[in-house]
Amino acid sequence: MSGDHDPAVITAVLTAVETTINKGLSLAPVAQRELGDLAGTVIGIECTSPEVAITAIVESSGELHLTHYSERAMDTKVRGSLEDFIGLATAEDPAAALINGGLELVGNTAPLIAVQQIITTMDLDWEAPLVDTLGDVVGHQLAVMLRGLFRWGKASAGSFRRQLSEFILEEGRLTPPAAELDAFYEQIDQLGLRVDRLQSRLQKLVRRVGELKP
Amino acid sequence: MSDNQQDSPENPDTTHFGYREVPREDKEKLVRGVFDSVASRYDLMNDLMSAGIHRLWKRFTLELSAVREGQTVLDIAGGTGDLAAKFSRLVGPTGHVILADINDSMLKVGRDRLMDKGASGNIQTVQCDAQALPFPDNSIDCITIAFGLRNVTDKDKALRSMERILKPGGRLLVLEFSKPTNTFLENAYDLYSFRILPLMGKLVANDEDSYRYLAESIRKHPNQETLLEMMEDAGFVNCDYHNMTGGIVAVHKGIKA
């Protein structure tokens, strides 16, 4: 009767996530309008570990509604582990993450990619709430400062990531280059397939030998 | 303390009012007295008593309702109208929500709250008894009763009345306090209900007795399996339930055949 997880706990988590996303969207009018264009889109998300299923519904107001239980027909259904979903949520190229990742997909992928891109790339306008709270002059000055700070933070983070990756790869020689690693994985896959084929042939031969015996 | 007794089997003329045995005809009046007393601070007390978790329980109930635009929803014992306001948005301008309560004071508070929230146009308020619902047969798509069934004198009669007015395929959702599934939680819950809750009632609403009644009435309410059987006996099919917060609350769902 009752599921493995307490619906109240899942509902609490979903409410917190939904409120955070919608709060962010309320500060990003362009993203909210773009999401509003996808109104009625229903995306099913089934996480295998931990085992939990949720549904994301795009509202005409440009907000996202997350539910633990839904009977609505889904446009897209995605299934995978929490790691796979985190990978998708943070991917710069969600289409590639969907194809190359461990996620199982049923239905139309376009709305899922569109929603992911709108939410991860939304440009928050901090000025409006700051001006409402602190007044025009102070609010604007603080918003300009915050914008500069975020820009600097984003650029610094990107630069740090690039430099760290260069150090690990080129200076420290701690990991092989991505292309070399991909080629290695490809060779392992090919080897695995050849072993499977060889095993099938051997089984076939053993069966034939067995049939030839009087 | 949890005994989940039904109306006194040894004396059909009496029923329980908390832990007291009272004549059946008096229970309605006594329950009305409790809710008249707490109506103005009902939402505040709910938030305090459940630490706001009642909103999560109601949100999940709303999800289970799967209500769509254009449908008719009846929220029995709807009190201050929090569920009705959300249903009003879900059914849209072509749908219809009926907020029903036996208690005039609660209904007035609910009507005012709904107006303050701007929820109007598709909401109607009706003062009625859950045991004799004044609606035509097969006329409602979904019925909800949240934290109200335990106050009804004859629960079987109320469930039959709900089954009568639901459309075939329509669903009933009963959100109600139930029996915790864990002994440790049950003991902690008993301590909270009989020591802390009446004290909070005294401090916030200046009404210790009403909140003691609430705690007692929860213990007298049927447990998960008993309520499930009662729903099946009333004619509902595909009945099931979901425990929430360790079984402190359960939401039962039944479909009219």
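Heads up: the structure comes first, above all this text.
These numbers were taken from a predicted model, which means no experiment stands behind them.

1. Some words on the overall build of chain B
Each helix and strand in chain B was counted, giving 9 helices and 9 strands. For 257 residues, the compact-globule formula gives about 18 Å, and the C-alpha radius of gyration of chain B, at 17 Å, lands near that figure. Counting only C-alpha atoms, chain B reaches 45 × 40 × 35 Å along its principal axes. Evaluated residue by residue, chain B yields a buried proportion of 47% over its 257 residues. In chain B, of all internal contacts separated by at least 6 residues, the share reaching a separation of at least 24 is 68%.

2. Let's talk about the packing of helix α2 (residues 42-50) of chain B against helix α7 (residues 183-204) of chain B
Residues and elements named next belong to chain B. The interhelical angle for the contact between α2 and α7, taken along N-to-C directions, is 145°, at an axis separation of 11 Å. Judged by the twist between their axes, the crossing of α2 over α7 is right-handed. Residue-level inspection shows L44, M45, L48 and M49 of α2 in contact with α7, the latter providing L197, M200 and V204. Within the contact of α2 with α7, the residues separate by chemical class into 7 nonpolar, no polar and no charged.

3. Observations regarding unusual backbone geometry
Put simply, S49(A) and P50(A) share a cis peptide bond, and its omega is 0°. For P50(A), the position within the fold is in the loop between β1 (42-48) and β2 (51-58). Phi angles above zero are rare outside glycine, and N138(B) is one such case at about 50°. Relative to the helices and strands, N138(B) is located in the loop between β5 (123-127) and β6 (140-146). Of the residues examined, N138(B) has 13 C-beta atoms within 10 Å and is grouped as partly exposed. A positive phi angle, near 55°, is found at F147(B), a position not held by glycine.

4. A short note on the interface of chain B and chain A
Taken together, the 15 residues of chain B in the interface contact 14 residues of chain A. Those elements that provide at least two residues to the side of chain B that touches chain A are α3 (53-65) and β8 (236-244) of chain B. Examining the composition of the side of chain B that touches chain A, we find that 7 residues originate from one element, α3(B), more than from any other. Considering only residue class, the side of chain B that touches chain A consists of 8 nonpolar, 4 polar and 3 charged.

5. Topic: the sheet that holds strand β3 (residues 64-67) of chain A
Residue and element names in this part refer to chain A. As summarised here, the arrangement of the 5 strands in space is β3-β2-β1-β4-β5, forming an open sheet in which the pairing is mixed. Only two strands of the sheet have a single neighbouring strand rather than two, namely β3 and β5 (104-107). Adjacent strand axes in the sheet meet at a mean angle of 15°, parallel and antiparallel pairs treated alike. Note: β1 against strand β4 (residues 76-80), 5 bridges, orientation parallel. From the neighbouring strand, E46 faces β4, where its bridge partner is R79.

6. Digging into the sheet that holds strand β4 (residues 96-101) of chain B
All names here are of chain B. Strand order in the open sheet made by the 7 strands is β5-β4-β3-β6-β7-β9-β8, with mixed pairing throughout. Edge positions in the open sheet fall to β5 and β8, since each of these has one partner strand only. Geometrically, the sheet is characterised by an average inter-axis angle of 15° between neighbouring strands, direction not taken into account. Strands β6, β7 (166-177), β8 and β9 (249-256) of the sheet are contacted by helix α6 (residues 155-165), whose axis makes an angle of about 145° with β7. Running over the sheet, helix α9 (residues 224-233) touches β7, β8 and β9 and is turned about 160° from β8.

7. A short note on the pairing of β4(B)
All names here are of chain B. Within β4, 5 of the 6 residues are buried, leaving the element largely enclosed by the surrounding structure. Here strand β3 (residues 72-76) runs beside β4; their pairing, made up of 5 bridges, is parallel. When the bridges of β4 are listed, I76 appears paired with A100. With respect to chirality, the unit in which β3 leads through helix α4 (residues 82-91) into the neighbouring parallel β4 is right-handed. Alignment of β4 against β5, held across 5 bridges, turns out to be parallel. Across the sheet, residue V97 finds its bridge partner in β5, namely I123.

8. Concerning the environment of A146(B)
All names here are of chain B. Following the sequence through the fold, A146 ends up in strand β6. The class of A146 is buried, set by 23 C-beta atoms lying within 10 Å. Remark: the alpha-carbon pair of A146 and D116, spanning 30 residues in sequence, is separated by 22 Å. Sequence-distant contacts of A146, defined by excluding residues within four places in its chain, comprise K58, T61, A77, L83 and L175.

Analysis parameters
Residues numbered from 1 in each chain as written. Chains lettered and ligands numbered in written order. Predicted model: local features only at pLDDT ≥ 70, side-chain atom pairs only at ≥ 80, totals over all residues. Helix = DSSP H or I, 4+ residues; strand = E, 2+ residues; numbered from the N terminus. Rg over C-alpha atoms; globule rule 2.2 N^0.38 Å. Buried ≥ 20, exposed ≤ 12 C-beta atoms within 10 Å, placed from the backbone. Contact = placed C-beta atoms within 7 Å. Axes fitted to C-alpha atoms, helices over the stretch in contact; angles between N-to-C directions. Left-handed = near helix turned anticlockwise from the far one by under 90°. Nonpolar A, V, L, I, M, F, W, Y, C, P; charged D, E, K, R; others polar. Pairing = 2+ DSSP bridges. Right-handed = clockwise from strand over helix to strand, strands pointing away.

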